[in-house]
Amino acid sequence: MKVVKVAAAVICDPPAEKKRIFATARGYGEYKGWWEFPGGKVEAGETPQEALVREIKEELDTDIEVGQLIGTIEYDYPDFHLSMDCFWCGIREGSLVLKEAQEARWLTRSSLEEVRWLPADLTLIPVIRQEMTRCAAK
C-alpha cells in the first residue's frame, strides 16, 4: 500500500493557553467538505516542521511557529496509508487567508464535535481536548 507522509498544524489561539484551535474544510476531492488540520505532504529532504511552515504559507498565507509534536497518526485509508505528524503551532505573522480550503473555523473545547472530521484527524481530537482541558484548569 502506498504511504503518504504529511505534517499537520494544530494552530492554537493563544498558543500557550490553547483556548481555540483552527480547522479547515477540504475544498476538493473525495472528502470535500470534511474537516482537517491544515498542512500537507512532506517533500524529499524536508523535515515535517519545514513542510508545515511551507504548506501553511502556501495554503493560508500565514507564517507559523511550529511547537511540540503532539503525536504521529498512522491511518489506513482505502487507497493509501497516511503517516501524519501533528504539531502544536502558533501564528507568527499573517491572518489565515483561505487559498485552498472551502471554509475554516476556530473551535473551542466544547465545539470540537461540531464539524465532520476526516477519519485520521478525528483520532487526534481526544488528545487535543485533554490538553485544552488541562490548560483551562491552570
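None of these values were measured; they are calculated from a predicted model.

1. As for the pairing of strand 5 (residues 62-76)
Part 1 of the argument: Examined bridge by bridge, strand 5 and strand 6 (residues 81-94) share 12 bridges and lie antiparallel to one another. Opposite L69, over in strand 6, you have F87 as the bridge partner.
Part 2 of the argument: Between strand 5 and strand 6, which pair antiparallel in sequence order, lie 4 residues.

2. Observations concerning helix 1 (residues 48-60)
Part 1 of the argument: Over its 13 residues, helix 1 extends 17 Å from the first C-alpha to the last, a length consistent with the 18 Å expected when each residue adds 1.5 Å.
Part 2 of the argument: Residues of helix 1 that are buried: P48, A51, L52, E55, I56, E59 and L60. On an axial view of helix 1, the arc spanned by its buried residues comes to 125 degrees, and they lie on one face.
Part 3 of the argument: Residues of helix 1 that are buried sit in contact with strand 1 (3-13), strand 2 (20-25), strand 4 (39-41), strand 5 and strand 6.

3. Comments concerning the state of the cysteines
Note: disulfide means a covalent bond formed between the sulfur atoms of two cysteine side chains.
Part 1 of the argument: Applying the stated criterion across every chain, the model contains 0 disulfides.
Part 2 of the argument: A disulfide-free cysteine, C89 has its sulfur positioned 7.8 Å from the sulfur of C12, the nearest such atom.
Part 3 of the argument: On the basis of relative accessible area, C89 is assigned to the buried category, the value being 3%.

4. Here we look at helix 3 (residues 125-136)
Residue pairs three or four apart in sequence face the same way in an α-helix, which turns once every 3.6 residues.
Part 1 of the argument: Relative to the 16 Å expected for 12 residues at 1.5 Å per residue, helix 3 spans 16 Å between its end C-alpha atoms, a close match to the ideal helical length.
Part 2 of the argument: Within helix 3 the residues assigned to the buried category are I125, I128, E131, M132 and C135. For helix 3, the arc enclosing every buried residue in end-on projection is 130 degrees, short of the 170-degree limit, so these residues lie on one face. In helix 3, the exposed residues that point more than 90 degrees away from the buried face are P126 and Q130.
Part 3 of the argument: Buried residues along helix 3 sit in contact with strand 1, strand 2, strand 6, strand 7 (103-108) and helix 2 (119-122).

Conventions we followed
For every chain, the first residue of its written sequence is number 1, and the numbers climb from 1 along that sequence. Only residues with pLDDT of at least 70 get local features here, since the model is predicted, and only at 80 or more are side-chain atom pairs given and counted; chain-wide, interface and lining totals rely on the full set of residues. Hydrogens and waters are ignored; side-chain quantities use all the structure's heavy atoms. Two strands make a pair as long as DSSP finds a minimum of two bridges between them. Each helix is a run of DSSP H or I of at least 4 residues and each strand a run of E of at least 2, with the numbering of both proceeding from the N terminus. By this rule, a helix spans an expected 1.5 Å times one less than how many residues it contains. Three exposure classes are used, based on accessible area relative to the maximum for each residue type with a 1.4 Å probe and protein chains only: buried under 20%, partly exposed in between, and exposed over 50%. This arc describes the spread of directions from the helix axis toward the C-beta atoms. In what follows, residue pairs with any heavy atoms lying within 4.5 Å of each other are defined as contacts. Pairs of cysteine sulfur atoms within 2.5 Å are identified as disulfides in what follows.

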